[in-house]
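Each chain, written out:
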Amino acid sequence: MIPGALLIFFFGIGIGSSGSSSQEKTSTAGETGPQPAVTVTKTAAAEPAKADKPANKPTKDDKPASDEDKSATVPNFVGMGLQSAQDKAQESGFYGLASHDALGRDRMQAFDRNWKVCSQNVKAGASKPTDTKLDLGAVKLEENCPAKDEKPPASKGGKMPNFAGKSVKAARAALDSGTSVTVEDALPDDRWVLMESNWKVCSQEPSAGASLKGQPVTLAAVKFEESCP
């Protein structure tokens, strides 16, 4: 028979061995299991702010040229058709263009190709800024240029101008816009005066030099190719 003390000894060894084995298994399982992922965030160091570069200021040489800075030679327009003269002016850099009736009849140059240039307000060959206004005096192609531009009549000092030989349109324009004007056919035909720039004044009432005080004005006229009675 085995003594009781020996049995107790061997039984204690067995329990200790079993507990050790169990702890080793547990430790091994913990080492081999999946490990949680670890994310490491790295904060980049902030770069110092760069100072804004000053904008490039335009120099005197960079300034765009204006019409006042540009100059060109004024062509000779006399004798040219009005349309051709205007085209030539624009080719030379001049775009401020105007024209007027060189005979003082206050006609509009509605169809430029039907007119020719008799005069110009800026002498040909002069060097002028391209924003200079060019004014061309013109007559119709079948008409002769006057020795110098005829000016439309004008009312001065409250006196009645002399309208004899002037166009009815120019005479009307010389009067105050509120003036009552009656135009009659100077011939016994009793025609209507429709295109007033084609009719010339033969007589007037009040007479030239009379004081204008708002009284009505009467003009008797014939066509320019006709003679006054």
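Residues numbered from 1 in each chain as written. Predicted model: local features only at pLDDT ≥ 70, side-chain atom pairs only at ≥ 80, totals over all residues. Heavy atoms only, no water.

A. Expanded view of the overall build of the protein chain. In terms of helices and strands, the protein chain carries 3 helices and 8 strands. Seen in sequence order, the protein chain has helices and strands lined up from the N terminus as α-β-α-β-β-β-β-α-β-β-β. Residue burial in the protein chain is summarised as follows: out of 229 residues, 26% are buried. Across the protein chain, contacts joining residues at least 24 apart in sequence account for 68% of those joining residues at least 6 apart. (Helix = DSSP H or I, 4+ residues; strand = E, 2+ residues; numbered from the N terminus. Buried < 20%, exposed > 50% of the residue type's maximum accessible area, 1.4 Å probe, protein only. Contact = heavy atoms within 4.5 Å.)

B. Structural view of the sheet that holds strand E7 (residues 199–205). An order of E6-E8-E7 is seen for the 3 strands of this open sheet, with the pairing classed as mixed. In the strand order of this sheet, the two ends are held by strand E6 (181–185) and E7, each with one partner. The mean angle between the axes of side-by-side strands here comes to 35 degrees, regardless of whether they run parallel or antiparallel. Examined bridge by bridge, E6 and strand E8 (residues 217–223) share 5 bridges and lie parallel to one another. Directly across from Glu-184, in E8, lies its bridge partner Ala-220. (Pairing = 2+ DSSP bridges. Axes fitted to C-alpha atoms, helices over the stretch in contact; angles between N-to-C directions.)

C. Spatial organisation of the packing of aromatic side chains. Throughout the structure, instances matching the rule amount to 0 aromatic pairs. Stacked on the ring of Phe-224, the Lys or Arg Arg-105 has its end atom at 3.7 Å from the ring centre. (Phe/Tyr/Trp six-rings, centres within 6.5 Å; stacked < 30°, edge-to-face > 60°. Lys NZ or Arg CZ within 6 Å of the ring centre and 35° of its normal.)

D. Spatial organisation of the pairing of strand E5 (residues 134–140). The buried count for E5 comes to 5 of 7 residues, which makes it a mostly enclosed element. Two strands pair when backbone bridges link them, and strand E2 (residues 97–101) and E5 are joined in this way by 5 bridges, in the parallel orientation. Bridge pairing in E5 links His-100 to Gly-137. As defined by bridge partners, strand E3 (residues 115–120) adjoins E5 across 5 bridges and the pair is classed as antiparallel. Residue pairing across strands places Lys-116 opposite Val-139, the latter belonging to E5.

E. Here's a closer look at helix H2 (residues 82–91). Inspection of H2 places Leu-82, Gln-83, Ala-85, Gln-86 and Ala-89 among the buried residues, and these make up the whole buried set. When H2 is viewed along its axis, its buried side chains cluster within an angular range of 160 degrees and face the same direction. Against the buried residues of H2 lie E2, E3 and E5. The positive-phi residue at the C-terminal boundary of H2 is Gly-93, with phi of around 105 degrees. (Arc of directions from axis to C-beta.)

F. Inspection of the confidence of the model for the protein chain at higher detail. For the protein chain, per-residue confidence averages 82 on the pLDDT scale, and 70% of positions sit at 70 or higher. Across residues 5–33 the pLDDT falls below 50, and counting only partners more than four positions away or on other chains, this stretch makes 2 contacts in the model. (pLDDT = per-residue confidence, 0-100.)

G. The layout of surface pockets, seen in detail. Considering only enclosed or pocket space, the largest pocket measures out at about 240 Å³ in volume. Lining the largest pocket are Arg-107, Met-108, Ala-110, Phe-111, Asn-114, Trp-115, Lys-140, Lys-169, Met-195, Glu-196, Ser-197 and Asn-198. Classifying every residue of the lining of the largest pocket by side-chain character gives 5 nonpolar, 3 polar and 4 charged. (1 Å grid on protein atoms, 1.4 Å probe; cavity = no way out; pocket = protein on both sides within 12 Å on 5 of 7 lines; lining within 4 Å. Points joined across faces, edges and corners; volume = space filled by probe spheres on them. Nonpolar A, V, L, I, M, F, W, Y, C, P; charged D, E, K, R; others polar.)

H. Focus on the state of the cysteines. One pass over the full model with this rule turns up 2 disulfides. With its sulfur 2.0 Å from that of its partner, Cys-202 forms a disulfide with Cys-228. Between Cys-202 and Cys-228, the S-S torsion sits near -80 degrees, and that sign places the bridge as left-handed. Residue Cys-202 is located in strand E7, and its partner Cys-228 is located in the segment after E8; the two are separated by 26 residues in the primary sequence. (Disulfide = S-S within 2.5 Å.)

I. How the structure looks around the pattern of salt bridges. All told, the structure shown has 7 salt bridges when counted by the stated rule. Put simply, Glu-143 and Arg-105 hold a salt bridge, and the shortest N to O gap is 3.5 Å. Of the two residues, Glu-143 sits in the loop between E5 and helix H3 (168–174) while Arg-105 sits in the loop between E2 and E3, which places them 38 residues apart along the sequence. We note that Glu-143, like Arg-105, is buried. One salt bridge in this structure joins Arg-191 and Asp-185, with 2.8 Å as the shortest N-O distance. Looking at Arg-191, the relative accessible area reads 24%, which means it is partly exposed. On the basis of relative accessible area, Asp-185 is assigned to the buried category, the value being 11%. (Salt bridge = Lys/Arg side-chain N within 4 Å of Asp/Glu carboxyl O.)

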